[in-house]
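Fold and contact review
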Amino acid sequence: MITLLDYGAGNVRSVRNAIKKLGAEVQDVTCAADIIKAEKLVFPGVGSFGHAMERLQRLGYIEPLLAHIHADKPFLGICLGLQTLFDSSDESLGVKGLGVVPGNVGRFPEGELSVPQIGWNGVNLHQDSPLFRGHTDEKLYFVHSFRATANKANKEWLLTTTNYGEEFISGVQRGNVCAFQFHPEKSGKAGLNLFANFLENQSLTVIGKAVTKTSVETAIARRIVACLDVRANDNGDLVVTKGDQYDVREEGEVRNLGKPVELAKRYYEEGADEITFLNITGFRDFPMEDQPMIEVLRRTSENVFVPLCIGGGIREFTDANGKEYTALDVATEYFRSGADKISIGSDAVYTVEEFLETGQKSGKSSIEQISKVYGAQAVVISVDPRRVYVNSPDETSHTTIKTVTPGPNGEEYCWYQCTVRGGREGRDIDAVQLASCSQGLGAGEILLNCIDKDGTNSGFDLELINLVKSHVSIPVIASSGAGCPGDFSEVFKGTKAEAALAAGIFHRREVPIAKVKEQMRLDKIETR
Ligand code: 1PR
């Protein structure tokens with residue numbers, strides 16, 4: 001029996017599912033007495049440091065939590081569940097942490113690497129812990145902007161460290177109390193193995209003192225994302241579809257490439273580092289009404305233990321009965337159903353348009369609201385740009401590039417016009433404006449599609465990716481146009497994109513994910 005400390009701020013469904021998958025039962029903490037009774041306690045922190053500490057305080061959980069830890073009863077903290085063990089965090093100045101592990105949690109410094117760190121990275125083991133029995137150097141999934149570093153005072157707690165620009169603490173353990181900065185519940189089989197070791201071992205007490213293996217610098221992998229564009233076909237069945245330059249109909253019918261839950265499971269098993277669902281008619285259907293995507297997420301998260309992102313229809317809405325939903329309500333429902341990130345398309349364009357017009361952050365936009373509650377790393381902006389060719393940069397106020405693929409009339413320049421409603425409507429805003437303003441409003445990642453390239457199998461638009469990447473410091477997922485394994489190597493060698501997404505070649509079984517990774521390894525690109 002595992003006791004789960006869920007204080008109601010995000011996706012703990014995956015933690016629950018991982019524990020259940022391993023055959024253990026989950027008991028939820030509903031009051032302080034449940035913590036006192038707990039044998040093995042799992043604390044998956046979500047949200048911000050200040051928010052988490054404030055909730056623990058308000059619910060009267062701090063004292064029993066500390067008693068559990070000081071009694072050396074089995075405890076496993078995840079992500080913020082690790083950070084709150086420290087004294088304090090720069091994320092929430094003036095807020096005291098649990099003070100179990102000495103040190104302050106700081107933000108990753110600005111530098112070459114994007115912040116947040118999102119993706120799969122390795123760990124260096126500093127103790128021979130039973131938790132890592134059976135672990136063979138596999139990478140684990142991280143998503144965070146803040147990190148703790150080793151110092152003399154916390155030396156005895158050091159379990160694992162990881163490199164991301166600098167070395168930081170990715171795991172702590174003393175006796176039966178441990179915590180990870182990475183997410184075991186999102187780290188595929190390697191993560192489930194760690195969970196299993198926590199569940200199965202009566203005592204987690206470290207066997208040997210130090211690990212003999214020499215520590216090497218770990219490196220973050222470039223991620224491969226499988227994308228499922230989902231919509232109802234004309235018979236009302238929810239299908240995975242795929243467009244050519246966003247046109248998903250063939251001979252009048254919506255292309256049907258499979259069922260969302262089954263396909264997601266297949267991609268997980270084939271080694272996808274992340275799975276994205278886009279409800280492509282979300283601009284007109286409202287996801288809370290008949291909830292098909294919520295069901296898709298719930299069922300997927302039962303068997304898929306890598307990050308799940310969902311987009312489409314994330315905006316405020318008033319239904320036929322006059323019930324109002326904020327974008328935050330919609331996102332919350334998705335997070336509860338198993339999503340780790342939500343992606344905002346059309347609504348981000350409207351938000352940035354308003355921001356550019358007024359020069360003011362309203363605080364009310366979907367980006368701002370969701371980022372504030374769930375953190376920047378949970379907010380992805382899906383950009384749907386299309387090339388607009390011009391003869392000279394003077395012809396437009398938008399950011400242009402001199403392109404290597406001139407326009408139909410020999411135009412040597414182009415800018416990237418953002419669209420809404422699934423590419424149906426072009427707006428007077430470019431991809432650089434959308435990406436950089438969204439970052440300023442609180443977005444944590446950019447999903448950079450390209451309508452010209454979508455479904456063409458002609459490779460990614462490197463010019464677009466380099467342009468946008470040079471204007472943001474958050475991770476960018478390159479999307480649209482993948483046709484062969486070499487295209488992924490090309491995008492990772494030719495741009496600084498952290499991830500590359502593809503749809504058509506995976507759905508049609510033209511290229512297995514394993515082949516993409518094999519090619520990346522041959523080309524010396526870090527992969528999982
Ligand atoms: O505007 O917030 O409701 O979100 C709608 C979402 O649906 C947006 O993220 C938008 O990108 C997506 N979308 C809308 N219409 C379409 C369409 O195809 N008709 N799909 C659509 C976007 C693009 C990628 C695709 C890649 C890779 N699809 O997701 O998977 O281009 O494809 P490829 O590898 O086959 O080239 P909102």
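Quick notes on the rules
Residues numbered from 1 in each chain as written. Predicted model: local features only at pLDDT ≥ 70, side-chain atom pairs only at ≥ 80, totals over all residues. Heavy atoms only, no water. Helix = DSSP H or I, 4+ residues; strand = E, 2+ residues; numbered from the N terminus. Rg over C-alpha atoms; globule rule 2.2 N^0.38 Å. Buried < 20%, exposed > 50% of the residue type's maximum accessible area, 1.4 Å probe, protein only. Contact = heavy atoms within 4.5 Å. Lys, Arg positive; Asp, Glu negative; His and termini not counted. Charge placed at Lys NZ, Arg CZ, Asp CG, Glu CD. Pairing = 2+ DSSP bridges. Axes fitted to C-alpha atoms, helices over the stretch in contact; angles between N-to-C directions. Core = buried A, V, L, I, M, F, W, Y, C linked by side-chain atoms within 4.5 Å. Domains from an automatic or database assignment. Polar contact = N/O pair within 3.5 Å; in protein donor to acceptor, adjacent residues only side chain to side chain. Arc of directions from axis to C-beta. Salt bridge = Lys/Arg side-chain N within 4 Å of Asp/Glu carboxyl O. Parallel < 35°, antiparallel > 145°, perpendicular 65-115°, else oblique. Left-handed = near helix turned anticlockwise from the far one by under 90°. Near = heavy atom within 4 Å. Areas by Shrake-Rupley, 256 points an atom, 1.4 Å probe, with all protein chains shown as cover. 1 Å grid on protein atoms, 1.4 Å probe; cavity = no way out; pocket = protein on both sides within 12 Å on 5 of 7 lines; lining within 4 Å. Sits in = over half its atoms within 2 Å of the grid points. Nonpolar A, V, L, I, M, F, W, Y, C, P; charged D, E, K, R; others polar. Buried area = accessible area lost by both parts, 1.4 Å probe.

Some details on the overall build of the chain
When you go through the chain residue by residue, the secondary structure sums to 17 helices and 30 strands. Here the chain has a C-alpha radius of gyration of 23 Å; the compact-globule value for 528 residues is 24 Å, and the two agree. Within the chain, buried positions represent 59% of all 528 residues. Put simply, of all contacts in the chain between residues at least 6 apart along the chain, 71% involve residues at least 24 apart. One finds the centroid of the 57 positive side-chain charges in the chain at a distance of 5 Å from the centroid of its 71 negative side-chain charges.

Quick word on the sheet that holds strand β6 (residues 101-107)
Spatially, 3 strands are ordered β5-β6-β10 in an open sheet, and the strand pairing comes out mixed. Pairing within the sheet leaves two strands with one partner each, and these edge strands are β5 (86-89) and β10 (146-148). Taking the axes of each pair of neighbouring strands and ignoring which way they run, one obtains an average angle of 25 degrees across the sheet. Direction of pairing for β6 relative to β10: antiparallel, over a ladder of 3 bridges. Note on β10: the bridge partner recorded for Gly106 is Arg147.

Re unusual backbone geometry
Here the residue pair Val115 and Pro116 is connected by a cis peptide bond, since its omega of 5 degrees sits within 30 degrees of zero. Topologically, Pro116 is positioned in the loop between β6 and β7 (117-121). The phi dihedral of Cys79 is positive, around 60 degrees, even though this residue is not glycine. With respect to the secondary-structure elements, Cys79 resides in strand β4 (residues 75-79).

Here's the deal with the nonpolar core
The biggest cluster of nonpolar side chains holds 121 residues, and the ones touching the most others in it are Ile275, Phe277 and Ile370. Domain assignment of the residues forming this core places at least three in each of domain 1 (2-200) and domain 2 (223-522). Leave out the neighbours within four places in its chain, and Phe277 touches Leu228, Val230, Pro260, Ala264, Met293, Val296, Leu297, Thr300, Leu308, Cys309, Ile310 and Gly311. In this structure, Leu56, Leu65, Phe86 and Leu158 belong to the second largest nonpolar core, which totals 33 residues.

Some points on the side chain of Lys139
Its location among the elements puts Lys139 in the loop between β8 (124-125) and β9 (140-144). Residue Lys139 is classed as buried on the basis of its relative accessible area, which comes to 12%. Of the polar contacts made by the side chain of Lys139, one reaches the backbone oxygen of Ala219; its length is 2.6 Å. Within the structure, Lys139 has its side chain in polar contact with the side chain of Glu526 (distance 2.8 Å). Among residues more than four places away in sequence, those in contact with Lys139 are Trp120, Asn121, Gly122, Ala190, Ala219, Ala221, Glu526, Thr527 and Arg528.

Here we look at helix α9 (residues 292-303)
Met293, Ile294, Val296, Leu297, Thr300 and Ser301 are the residues of α9 that are buried. Looking down the long axis of α9, one finds its buried residues gathered within 155 degrees of arc, a one-sided arrangement.

Let's talk about the pattern of salt bridges
The full count for this structure, using the stated rule, is 33 salt bridges. Salt-bridge contacts for Asp234 lead to Arg249; the nearest nitrogen and oxygen are separated by 2.9 Å. With Asp234 in the loop between β14 (223-232) and β15 (238-241) and Arg249 in strand β16 (residues 249-250), this pair connects stretches of sequence that are 15 residues apart. Taking the relative accessible area as the measure of exposure, Arg249 reaches 34% and is therefore partly exposed. Taking the shortest distance from any N to any O, the salt bridge between Arg387 and Asp461 comes out at 3.3 Å. Highlighted residues: Arg387 in strand β24 (residues 385-390) and Asp461 in the loop between β28 (445-448) and α14 (462-469), separated in sequence by 74 residues. We note that Arg387, like Asp461, is buried. Counted as one network, the salt bridges with shared partners bring together Arg223, Glu274, Lys341 and Glu445.

Quick word on the side chain of Asp34
Summarising the element assignment, Asp34 is placed in helix α2 (residues 32-37). Relative accessible area serves as the criterion here: at 10%, Asp34 is assigned to the buried category. A distance of 2.6 Å separates the side chain of Asp34 from the side chain of Thr30, its partner in a polar contact. Residues contacting Asp34, with those up to four places away along its chain left out, are Thr3, Asp28 and Val29.

Here we look at the packing of helix α7 (residues 260-269) against α9
If you want to describe how two helices pack, look at the angle between their axes and the distance between the axes. The interhelical angle for the contact between α7 and α9, taken along N-to-C directions, is 30 degrees, at an axis separation of 9 Å. Compared by their axis directions, α7 and α9 come out roughly parallel. Crossing hand, α7 versus α9: right-handed. Here Pro260, Val261, Glu262, Ala264, Lys265 and Tyr268 of α7 lie close against α9, whose contacting residues are Val296, Arg299, Thr300 and Asn303.

Focus on the site of the ligand
Residues in close proximity to the ligand total 25 residues, the closest being Lys242, Ser346, Ser382, Asp384 and Asp454. Here Gly455 contributes a backbone N or O atom positioned 2.9 Å from an oxygen atom of the ligand. In this structure, Gly504 approaches the ligand through a main-chain N or O atom, which is 3.0 Å from an oxygen atom. Its free accessible area being 760 Å², the ligand has 99% of it covered by the protein chains. Of all the cavities here, the one that holds the ligand is the second largest pocket. Counting residues per element, the ones that place at least two in the shell around the ligand are β14 and β30 (499-502). Partitioning the shell around the ligand into residue classes produces 8 nonpolar, 13 polar and 4 charged.

Here we look at the sheet that holds β8
Spatially, the 8 strands line up as an open sheet ordered β2-β1-β3-β4-β13-β12-β11-β8, and their pairing is mixed. Across the chains shown, the open sheet's two edge strands, defined by having one partner strand only, are β2 (26-28) and β8. Contacts between helix α4 (residues 62-70) and the sheet are confined to β3 (40-45), β4 and β13 (177-180), with β4 contributing the most and set at about 120 degrees to the helix. Its contacts with the sheet place helix α6 (residues 188-200) against β1 (2-4), β3, β4 and β13, and it is angled at close to 150 degrees to β3.

A short note on the domain arrangement of the chain
According to the domain assignment, the chain contains domain 1 (2-200) and domain 2 (223-522). A separation of 30 Å is found between the C-alpha centroids of domain 1 and domain 2. When the two sides are added together, the surface that domain 1 and domain 2 hide from each other amounts to roughly 2,100 Å², 53% of it contributed by carbon and sulfur. When the buried surface of domain 1 facing domain 2 is broken down by residue, Arg13, Ile118 and Lys186 rank first, second and third, together holding 26% of it. Put simply, domain 1 and domain 2 have 1 salt bridge between them. Between Asp340 and Lys186 there is a salt bridge, and its shortest N-O distance comes to 2.9 Å. Where domain 1 touches domain 2, the interface holds 12 residue pairs in polar contact (both at pLDDT 80 or more). Counting only elements with at least two residues in the side of domain 1 that touches domain 2, the list comes to α1 (13-21), β7, β9 and α6. Per element, the largest residue contribution to the side of domain 1 that touches domain 2 is 5 residues, and it comes from α1.

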